[in-house]
Structure formats: structure tokens, C-alpha cells
Amino acid sequence: MVRSHEFGNWMKARRKTLDLTQAALAHKVGCAEVTIKQFESGARRPSRQIAELLATCLEIPTNERDTFIRAARIPQTSAPPAGLPTEEVIARGQLPFLAAPLIGREEVLAQLELQLLRTDVHLMTLIGPPGVGKTTLSIQLAANVGHAFADGVVFVSLAPILEADQVVVAIGRALGFQEGVGQELFARLQGYLRDRHLLLVLDNFEHVVATAPMIGELLSRARHLKVLVSSRTPLRLYGEHEVAVMPLALPPLDSLPALPELASYPAVKLFVVRAQAVNSGFRLDATNAHTVAELCHQLDGLALAIELAAGRIRMMTPQMLLERMQNRMRLLTGGARDLPVRQQTLWNAIDWSYTLLSAVERSVLRQFAIFVGGWTLEAAEAIIDGVTNAAESTQPAGTVPSLVDILTTLVSQSLVVATMREGVARYHLLESIREYALKRLTECDETTSARHRHAAYYFSLAEATVGPAEENIWMNRLEQEYDNLRLALAWVVEYAPERLARLADELGWFWHVRGDMQEGRRWFELALAYAPDLPLVDRARVLAMIGFLAREMHDLVSAQTHVEESLRLYQQLGDRSKQAWMLNVLSMIALSHDDPMETDRLASQSIEMYRSIGEPFGAIGPLLLVSEAAILMHDFERAHAIHSERMHLAREAGRPRSVTYGVIRLGQIAQARGASAQAAVQIVEGLRQAKQGSNKWAIMMALTGLASIAVKLGNPRLSVRLLAAIDAQLVRTGARLWPVDHIEYGRTLTAARAQLDEVLFQSEWAVGHAIRMEEMIEEAISFGVSV
């Protein structure tokens, strides 16, 4: 008869013949390295299933397999103490085998290994949203550190558990206790684990979190025990080390890295590897790189979603997948059959988490789906208030948590993501969760009421009355909420277009400063189409703003038509202040026609009218046009004097944006006079102000001025990059530079191109077109400071 230690020698000899380390064999078998050591030393014997796996992995000849398996099963010379599990049954609790290597978590994994093996860490909880890859990470982490636990690693899947009181039974069975329930079994577990050096892996704890104190009690009585938990929510036990499992890192879409770097991004790497598993001919190349990157963004970097999408590459191209992402829940199905049902489709993964919520929490999560691009607590309280009130009517008094409590719960359960920006908390849903929640919102017939409350809140935000000093704050707030504002606009245009008309001045100015003239014009044209019978004053407002934005887009015929019609209506209404503004816009149109004399005439009429009605600050706009006309006529003395007067008025009125324009123009006038150092100081100051106020128009003015200085000081490469960045912004927005800047832009581009060979020019142009505007601004400021 072959003895236990002889089996170990046989196994060891065979392993060395195949040139396998103990760790490599453990990986093949799906157990811890320490388990292989114990098998080879005779300290432990494998179950029949493990013995069969060993025979396969060690390539035992067919005619020797039965002998090998029988040798593995030779009884020990001494029986284990009564009531304790045998080594055979403990082996059944080993880690599940990972059919494919973990991708994209290598760095995190190394950090977690060190953390888990620290003497002060006994409970680690991996927390993250559905589909992020918590289970796979926990299995790989346990496999990597298994060698450090003399009594091995035991894995317990809690997903099938329906009742919390079955958790003890599930742990007991994994450890080999075949009988017992309740306190009696729990006491036996405590006794067994007291001196064991063991890692207990508990997977999917979120739905049995009420039993967390039991885990804490086990740990308090077992000094060598460590517990690794994967859960959507923390256990909230003393000494718990929470680890947020984040979505896989994504590449930037606005400046896509070169292929080698792109392929190394975890989300992209996972997609490519899984796609090649079903289509060996798939390659990441220049033709599909951006599409794959965008797909990974659409999938939120969620490992499960990426794997399911990659599985479709068997029959679809990345572009076909991207085009179908609007219905990702239907698309992302068909996961491996040997996975739990909840992991076979993205819908099931999220649905699993959704069903664990209370009725009120589910209701609030559905309502959160109405937000686009995130929300603040203030917005949530305005829009979700009706939902909590409704819930209170169906539940006993005092039992319904506040919205803050519910939001905190959803964040802790990884269904809502919280971020901090400039000291203000902001929340959002991953797009996959948002799409799921929107479907649930529709099923519950709650979409219409939610859209109505959403539109009411964001239009009240746009209507907020602010003084000139708070203008930048208001603009930045609208900028941050722009996606939500756009959704509110779609609702208002269809159901209350007159409300948009009343906001024409405020929103028109916002779109002008933001540089989105084309979009602003489209919304106002829709308002006219949906409400042809607008009151006269509202129609005049909308026509004026369409004309103003059309002028910014250099659509001068349309601009002239709309502004003249608006002027006629304001004359009919007797509104001299608005008439003065229309004269100002007509002066702008004349400037765009390269007619400085007509520009000066119309702007002077506007200034006179503003002063005659006691609105001296209204002259700030037309004074700019008079000075622009003076620059075009090379009357720099007059231009400087008028700009100085205008800036004095702007500061007195508390209009920081008008001050910014003046600072930049004074710098450009200094440059025209040959004072480059003074010009650089003023333009950089204006650029910093423009950046702070998100004033894209002023930013382009400043970059034009700095590009001119750069080429004159012998730095044509920087000049080309700056001009290319401006061009990219103009292409995106459909805008056109003011004549003064347009002329300077053309001169500078010609000069820079003459100083560079064509290859270098094209290279710098491509860089400037691709670079993020924030980076270009910083480079421009750095240059300006050095002049």
C-alpha cells in the first residue's frame, strides 16, 4: 500500500518533472500554494475531486491514474478530534478556479496583498457597484496571499443564501461542519477557528449585512483569523478596512493616447483580451481605437459590462456595439453559463442590488435617474421631495428616513457615486445604473412628474436674479449644470415655450459667454416655432437674441433681419433701453462687415440713447465697439482712451467680464505699439480672469494676443499651437472671432508658418488641435509670464 507521505513524494517528483513550482501547480488546481505544500509533506490529503484535478494537472499517465487517486485517499493514521471537519471537507471550501487571469487590477492587487497581510488588519471589505468586479478581485487576492495562511483559505458564496440565519450554516459547511444550526453551530465554529491561521472569504455579503455582528464576534475570539468580504455596502464593524473597488481606469477621449499606451489602460486591455477570446482575429488598431475607448466609457469601466460587450465581438464590430449602446441592458447579455445568473447580464447584476433596497430607497433611486451629469443635495431636495412625502403616506409615522439618510444609504451601497468639488458634494449614477433606473421609472409611470419637477427646478436656477458681482458664480453654476439645463430646456420648449422666451436675455448671454452660439440660437428658434403667438415683448426678446447669436456666428444676413425686426418691435413698445441695445448689436454687425465708420456711428447713437435715459452703464457695450472701430482705423490713442473709460464704468458697475475684455484689449493695444512685455503682463492677467469666469470668448481673444507676441519673439511653434487650439474651439462652437482678433489671427498664422518648415508646422498644428484647452491656457500663461 502506498503511504500518505509516499503519495506526497510521487506528487512532488511529478511536479518537478514538469518544471512546475508549487505556486504554479496551485494556480492550475485552483487552490492555495500552502495546500500544495501540505499535500507534498503528507500533512494533508486531497479530496477525490482535488486528486483528480492533480492527476490532470500533473499529466499522470492514464494507466496510473487510479493508483494515484487511491494513493491520495489513504486514511491518516490518526483521526481528527470528534466534531471537527476533516481535511477532505475543508478542501471543498477552497477558492473557485479563475478561468482567465485578472486584468487591469495588478497595481491595486499588489497594494491589497500588503494591506491584508498586515498584523493589524483582520477584516477587509471590498466595496463597489454591481458589475465592478469585486468577486473576481477577492478570489485573486485570496489566491495570492493563500501561502501565508497555514490553515489555508476558505471561500463562502453567500449569493444563494435567502435568510440571514443561514449565513452560519453556509460558513460551517464550507469549513466541513455537516450538521448543526443556530447558536450550537456558531459555538462550534468559534471553538474551531480560535487557533486557526485561516483566511475566510465571504462573497456577496450585502443582502445578509444584518449578520455582520456575528462576523465581528468570530474575529474577536480568533486571533489568527482574517476575513475578506466582497459587498456592495460596508459591514460597519470596528477595525473594518474598507476598500472602494473603482471602475477600471479609462483613457481620455479628448486627447486619445497612442495605441501602445491606449492598450495598457485597464478597461481597454480587458475589452481587447475578452474580445480576442471569442474572435481571435480582433485587433486594436487606428481604425477602431477611438470607438473602443468610447465604448469603455459608455460601459462606465465596469468589468462585467466590458466582458459582456466584448463577447459580442464574435458577431459585431465595435462601431456596431457603440451604435446600440442606447439600449445597453438588452445588448449586454449572454455571460458565461457557469457564472451566477446575476452575473450573466448587466440587468441582472443591477437588479440584484435594486431588489435589496427598501421601497422608499427604490423610489428615490428611480427619481435620481432623471438627472443628467449629476446633481447637488439642493437639487435632490427640490425634485425628490414629493417622493418621500408619498412614501410617508403609506408607512407608519416616523419610520420613513429623510432624503439625506436615503442618499447616504445609496452612496454606502455603491449605487450612487459621491464626489467633492470646491467644497460642495455632488452625486451621480453610473450610466449603466442610470439606464436601469430610467426603465424602472417608466414602468412605474413616474417619468412625466419627475421631468416636470426637474425642469421647474433648473429653470428657476436659470432665472435666479444675480448682481454683476455674482455673474461669474451664476455662469459657473449653469456651466456645471448644463446637461441638466439642456434636459429642462427640451421639456420647457415643448410644454411652456413662453418661459424660455422670458429668459432670452439671461440664457442668450450665457450661451454667448460659453461659446455655444449655435445651440443657443437653435433653442430660441424652437421657442418661436412652438409658440408663434408669443406676446410682443417676448417675441422681441427672442428675435433680438437670435440676431445677436447669429452675428457671433457671422451669419450676418440673418442677424441683420432679426435685429431690425426686434428694433421695430421695441420702438412699437416704446422701450428705449432695448432700442439702445439693438443699435449696439447693429453696430456689431457693421463691425463684422469691416465697416468701422458705420460701427462708430451706430455705437455712438447707442451710447447717446443710454445716457439720455439715465443708464450710463448700458454704454459699456457700445463703448467697446467704438474702441474696436478705432483699432481698425489704427487710432490707438483713441482706442486706449475709450477702453480706459469703459473699464472704469465696468468696475463701477461691478461687471467683471467687461473688465476682462478691457484688460485683454489694452494688452493688445500695447502690443500694437511695440510694448511686448507690457502687453504680455496685461493679456496674461486677462486670460487668468477669463479662465476663472469660464469666458471662452475672452480666452480666445487672449490666446490670439499671446500667439502674436510669441511669433514676434521668435517662438513660432507655440504660436501655431495657440492658433490651432483657437481654431479647434471655433470649429466646435461655430463661432467667429471679432474682426480685430480675426485680422490679428491671420497675420500671426502667416508669420508663424513662414518661420517653420511645412512638416513641423503641421505637427504643431495637430498638437494644438488635440490638446485640452486647459493645458493650452497653462502653457500660454507660462509663456506670458516669462516675457
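In this text, all values refer to a predicted model and were calculated from it rather than measured experimentally.

Regarding its fold elements, the protein chain presents 41 helices and 7 strands. Residue burial in the protein chain is summarised as follows: out of 787 residues, 54% are buried. In the protein chain, the proportion of contacts linking residues at least 24 apart, taken out of those at least 6 apart, comes to 71%. Put simply, the protein chain shows about 34000 Å² of open surface, and 53% of that area lies on carbon and sulfur atoms.

Together, Leu 536, Val 537 and Leu 573 line one region of the surface with nonpolar side chains, adding up to about 210 Å² of accessible area. Mapped onto the secondary structure, Val 537 falls in helix H29 (residues 536-552).

Taken N-terminus to C-terminus, the directions of helix H39 (residues 739-754) and helix H40 (residues 758-770) make an angle of 135 degrees; their axes are 10 Å apart at the nearest point. Considered as vectors, H39 and H40 are oriented oblique to each other. Of H40, the residues touching H39 (which contributes Tyr 745, Leu 749 and Arg 753) are Glu 758, Phe 761, Gln 762 and Trp 765. Each residue belonging to the contact of H39 with H40 can be placed in one class, and the counts come to 4 nonpolar, 1 polar and 2 charged.

With that out of the way, let us pick up the packing of aromatic side chains. In the structure shown here, the tally under the stated rule is 15 aromatic pairs. Between Phe 761 and Trp 765, the aromatic rings sit 6.0 Å apart at their centres with planes inclined by 20 degrees, giving stacked as the arrangement. A residue pair is termed a helical-turn pair when its members lie 3 or 4 positions apart in one helix, as Phe 761 and Trp 765 do in helix H40 at 4 residues. In this structure an aromatic cluster arises from ring pairing among Phe 368, Phe 371, Trp 375, Tyr 427, Tyr 457 and Tyr 458. The ring centre of Tyr 354 lies 5.9 Å from the NZ or CZ of Arg 362, which sits over that ring. Geometry around Trp 523 places Arg 522 over its ring, the cationic atom sitting 4.7 Å from the centre.

Read across the open sheet, the 5 strands follow the order E2-E3-E4-E1-E5; overall the sheet is parallel. Two strands bound the open sheet, and with one partner strand each, they are strand E2 (153-157) and strand E5 (240-244). Between one strand axis and the next, the sheet turns by 15 degrees as a mean value, whatever way the strands run. Where strand E1 (residues 123-127) and strand E4 (residues 226-231) come together, 5 bridges link them in parallel fashion. The partner of Ile 127 across the bridge, within E4, is Ser 231.

All right, on to the environment of Arg 173 then. When you line up the elements, Arg 173 lands in helix H9 (residues 167-175). Each C-alpha atom, one on Arg 173 and one on Val 156, is 8.9 Å from the other, the two residues being 17 residues apart in sequence.

The next point concerns the pairing of E2. For E2, a buried count of 4 out of 5 residues is recorded, marking the element as mostly surrounded by other parts of the structure. As judged from the 5 bridges shared by E2 and strand E3 (residues 199-203), these two strands associate in the parallel manner. Directly across from Val 153, in E3, lies its bridge partner Leu 199.

Viewed as axis vectors pointing N to C, helix H37 (residues 696-712) and H39 meet at an angle of 35 degrees, and their least axial separation amounts to 9 Å. For the pair H37 and H39, the crossing hand works out as left-handed. Here H37 contributes Met 701, Thr 704, Ala 707, Ser 708 and Val 711 to the contact with H39, which in turn contributes Asp 741, Glu 744, Tyr 745, Thr 748, Ala 751 and Ala 752. Class assignment for the residues of the contact of H37 with H39 results in 6 nonpolar, 3 polar and 2 charged.

Pairing of side chains with opposite charge becomes possible as their charged atoms draw close. Counted according to the given criterion, the structure contains 33 salt bridges. In this structure, Arg 717 and Glu 764 form a salt bridge, with 2.6 Å as the shortest nitrogen-oxygen distance. Here Arg 717, found in helix H38 (residues 716-733), pairs with Glu 764, found in helix H40; they are 47 residues apart in sequence, far enough to count as distant. Take Glu 764: its relative accessible area is 5%, and that puts it in the buried class. Put simply, Asp 254, Arg 772, Glu 774 and Glu 775 are held in one network by salt bridges that share partners.

Grouped together as the largest cluster of nonpolar side chains are 207 residues, with contacts concentrated most on Phe 271, Phe 368, Trp 375, Leu 500 and Phe 524. With 12 residues, H37 is the largest single contributor of residues to this core. If sequence neighbours within four positions are ignored, Phe 524 has contacts with Leu 500, Ala 504, Leu 507, Gly 508, Trp 511, Val 542, Met 545, Ile 546 and Leu 549. By size, the runner-up hydrophobic cluster in this structure holds 34 residues, among which are Val 156, Val 167, Val 169 and Val 229.

Moving on: the side chain of Glu 446. One can find Glu 446 in the loop between helix H22 (431-443) and helix H23 (447-463). Residue Glu 446 is classed as buried on the basis of its relative accessible area, which comes to 17%. Within polar-contact distance, the side chain of Glu 446 engages the side chain of Gln 367 at 2.9 Å. Aside from chain neighbours lying at most four places away, what touches Glu 446 is Arg 366, Gln 367 and Leu 441.

For helix H15 (residues 303-310), the buried fraction is high: 7 of the 8 residues fall into the buried class. Residues of H15 that are buried include every one of Ala 303, Leu 304, Ala 305, Ile 306, Leu 308, Ala 309 and Ala 310, and no others.

The buried fraction of E3 is high, at 5 of 5 residues. In E3, alternate side chains face the same way, and those of Leu 199, Val 201 and Asp 203 on one face and Leu 200 and Leu 202 on the other are all buried. Where E3 meets E4, 5 bridges bridge the pair, whose relative direction is parallel. Note that in E4 the partner of Leu 199 across the bridge is Lys 226. Taken together, E3, helix H11 (residues 212-221) and E4 form a β-α-β motif whose crossover is right-handed.

Our focus in this paragraph is helix H28 (residues 517-530). Its 14 residues give H28 an end-to-end C-alpha distance of 20 Å, which sits within 8% of 20 Å, the value for a rise of 1.5 Å per residue. Among the residues of H28, Met 517, Glu 519, Gly 520, Arg 521, Trp 523, Phe 524, Ala 527 and Leu 528 are the ones counted as buried.

Notably, Asp 445 is not glycine yet its phi reads approximately 55 degrees, a positive angle. With respect to the helices and strands, the residue Asp 445 is situated in the loop between H22 and H23. Positive phi is not limited to glycine here, since His 554 has a value of about 65 degrees. Position of His 554 among the secondary structure elements: in the loop between H29 and helix H30 (556-573). Judged by relative accessible area, His 554 falls into the partly exposed class, the value being 28%.

For the rest of this paragraph, the subject is the environment of Ala 222. If you trace the backbone, Ala 222 turns up in the loop between H11 and E4. Accessibility expressed as a relative area gives 1% for Ala 222, which makes it buried. Note: C-alpha distance between Ala 222 and His 197 (25 residues apart in sequence) is 8.7 Å. Dropping the residues within four chain positions of it, Ala 222 is found in contact with Leu 193 and Arg 194.

Chain-level pLDDT for the protein chain is 84 on average; 89% of the residues reach the 70-or-more range. Every residue in residues 1-5 scores below 50 in pLDDT, and together they form 8 contacts with partners more than four places removed in sequence or on other chains. In this model, residues 335-344 is a region of pLDDT below 50 whose contacts with residues beyond four sequence positions or in other chains number 18 contacts.

What counts as what
Residues numbered from 1 in each chain as written. Predicted model: local features only at pLDDT ≥ 70, side-chain atom pairs only at ≥ 80, totals over all residues. Heavy atoms only, no water. Helix = DSSP H or I, 4+ residues; strand = E, 2+ residues; numbered from the N terminus. Buried < 20%, exposed > 50% of the residue type's maximum accessible area, 1.4 Å probe, protein only. Contact = heavy atoms within 4.5 Å. Areas by Shrake-Rupley, 256 points an atom, 1.4 Å probe, with all protein chains shown as cover. Patch = residues over 30% accessible without salt bridge, like charges linked within 9 Å, V, L, I, M, F, W, Y side chains within 5 Å. Salt bridge = Lys/Arg side-chain N within 4 Å of Asp/Glu carboxyl O. Axes fitted to C-alpha atoms, helices over the stretch in contact; angles between N-to-C directions. Parallel < 35°, antiparallel > 145°, perpendicular 65-115°, else oblique. Nonpolar A, V, L, I, M, F, W, Y, C, P; charged D, E, K, R; others polar. Phe/Tyr/Trp six-rings, centres within 6.5 Å; stacked < 30°, edge-to-face > 60°. Lys NZ or Arg CZ within 6 Å of the ring centre and 35° of its normal. Pairing = 2+ DSSP bridges. Left-handed = near helix turned anticlockwise from the far one by under 90°. Core = buried A, V, L, I, M, F, W, Y, C linked by side-chain atoms within 4.5 Å. Polar contact = N/O pair within 3.5 Å; in protein donor to acceptor, adjacent residues only side chain to side chain. Right-handed = clockwise from strand over helix to strand, strands pointing away. Expected span 1.5 Å × (residues − 1). pLDDT = per-residue confidence, 0-100.

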